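The primary structure of each chain is shown beneath.
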Amino acid sequence: MEIVIATKNKGKVKEINHFFKNIDINFKSLNDYPQIPEIIENGNTFEENAIIKAKTTSEILNKPVIADDSGLQVDYLNGRPGIYSSRYSGIGATDKSNRLKLLGELESVKEPLKRTARFVCSMVLWESKKGLVFKTYGICEGTIGFKEKGEGGFGYDSIFIPSGFKKTMAQLTDDEKNSISHRGKALLNLHDFFITGYIKK
Ligand code: IMP
């Protein structure tokens, strides 16, 4: 069975392949299907964006497609950057410029407990004939640190301290991150869905 992951992000593809290594699925990604055009993510929620990516890809390829959409919600900023996480600092935004913008906005907030935030991941499985087959989500709670720490991960990892840890997400090993991350939790739910019937043995 083939399932397409609606992303070009090789890190995500590797993470998903690793997660499902014991399941008999042949995962492909958008890197294998260059004919898929750039998909405009103009939904109002993570779930809407995940559905837009999965549905568009599935209808073009006529194959089952997994898509996820994720981001960071900071309570002091009323949930921003949220669905705008990757482009938070505007045109030409990089992970670094996004982190610096966020740290600047929290500069006056000295109390760690007022710097609470969470990573959220919405994940869906779409089939062109059936529509939405499965949807799930994962959340990872934590706080925003006062400066960047750690070299691992990507995005906001080096300023995000997961609850129960004294280090940032960028200071965790891949396995540690996967076991607590928003995407790791969503993938675990998808894994359960696969093995409880979706994948015929
Ligand atoms: P996407 O769902 O891969 O499009 O992620 C959107 C944005 O959310 C990324 O560009 C990052 O800024 C942020 N983000 C999502 N997941 C993570 C994570 O695991 N660590 C750090 N940042 C993340």
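Given the structure is predicted, the values throughout are model-derived calculations rather than measurements. (Residues numbered from 1 in each chain as written. Predicted model: local features only at pLDDT ≥ 70, side-chain atom pairs only at ≥ 80, totals over all residues. Heavy atoms only, no water.)

The next point concerns empty space enclosed by the protein. Over the atoms rolls a probe the size of a water molecule, and in doing so it shows where empty space is left. The full count for this structure, using the stated rule, is 1 cavity of 30 Å³ or more. Put simply, the largest cavity is a space of about 40 Å³. For the lining of the largest cavity, the element with the highest residue contribution is strand β3 (residues 65–74), accounting for 3 residues. Here the residues of the lining of the largest cavity are counted per class, giving 6 nonpolar, 1 polar and 1 charged. (1 Å grid on protein atoms, 1.4 Å probe; cavity = no way out; pocket = protein on both sides within 12 Å on 5 of 7 lines; lining within 4 Å. Points joined across faces, edges and corners; volume = space filled by probe spheres on them. Helix = DSSP H or I, 4+ residues; strand = E, 2+ residues; numbered from the N terminus. Nonpolar A, V, L, I, M, F, W, Y, C, P; charged D, E, K, R; others polar.)

Glancing now at the packing of helix α1 (residues 10–19) against helix α5 (residues 182–198). Relative orientation of the contacting elements α1 and α5 amounts to 45°, with a least axis distance of 11 Å. The pairing of α1 with α5 is recorded here as oblique in orientation. α1 and α5 meet at a crossing whose hand is right-handed. On the side of α1, the interface is formed by K12, E15, I16 and F19, while α5 contributes R183, G184, L187, L188 and H191. For the contact of α1 with α5, a count of residues per class yields 4 nonpolar, 2 polar and 3 charged. (Axes fitted to C-alpha atoms, helices over the stretch in contact; angles between N-to-C directions. Parallel < 35°, antiparallel > 145°, perpendicular 65-115°, else oblique. Left-handed = near helix turned anticlockwise from the far one by under 90°. Contact = heavy atoms within 4.5 Å.)

Here the focus is the side chain of K177. Assignment of secondary structure puts K177 in helix α4 (residues 174–180). Judged by relative accessible area, which is 11%, K177 ranks as buried. Apart from residues lying up to four places away in sequence, K177 is in contact with F154, D157, M169, L172 and R183. (Buried < 20%, exposed > 50% of the residue type's maximum accessible area, 1.4 Å probe, protein only.)

Tracing the sequence through the fold places S181 in the loop between α4 and α5. Take S181: its relative accessible area is 1%, and that puts it in the buried class. A distance of 2.9 Å separates a polar atom in the side chain of S181 from the backbone nitrogen of G184. (Polar contact = N/O pair within 3.5 Å; in protein donor to acceptor, adjacent residues only side chain to side chain.)

Moving on: the site of the ligand. The environment of the ligand is made up of 14 residues, and the closest members are K12, S70, D157, K177 and H182. Protein chains bury 89% of the 480 Å² of accessible surface belonging to the ligand in isolation. Judged by the proximity of its atoms to the pocket grid, the ligand belongs to the largest pocket. The set of elements that each furnish at least two residues to the shell around the ligand consists of β3 and α5. Grouping the constituent residues of the shell around the ligand by class yields 3 nonpolar, 6 polar and 5 charged. (Near = heavy atom within 4 Å. Areas by Shrake-Rupley, 256 points an atom, 1.4 Å probe, with all protein chains shown as cover. Sits in = over half its atoms within 2 Å of the grid points.)

This paragraph deals with the state of the cysteines. Scanning the entire structure with this criterion turns up 0 disulfides. Just so you know, C121 is unpaired, no disulfide at all, and the nearest cysteine sulfur is the one on C140, 11 Å from it. With relative accessibility at 0%, the residue C121 sits in the buried group. (Disulfide = S-S within 2.5 Å.)

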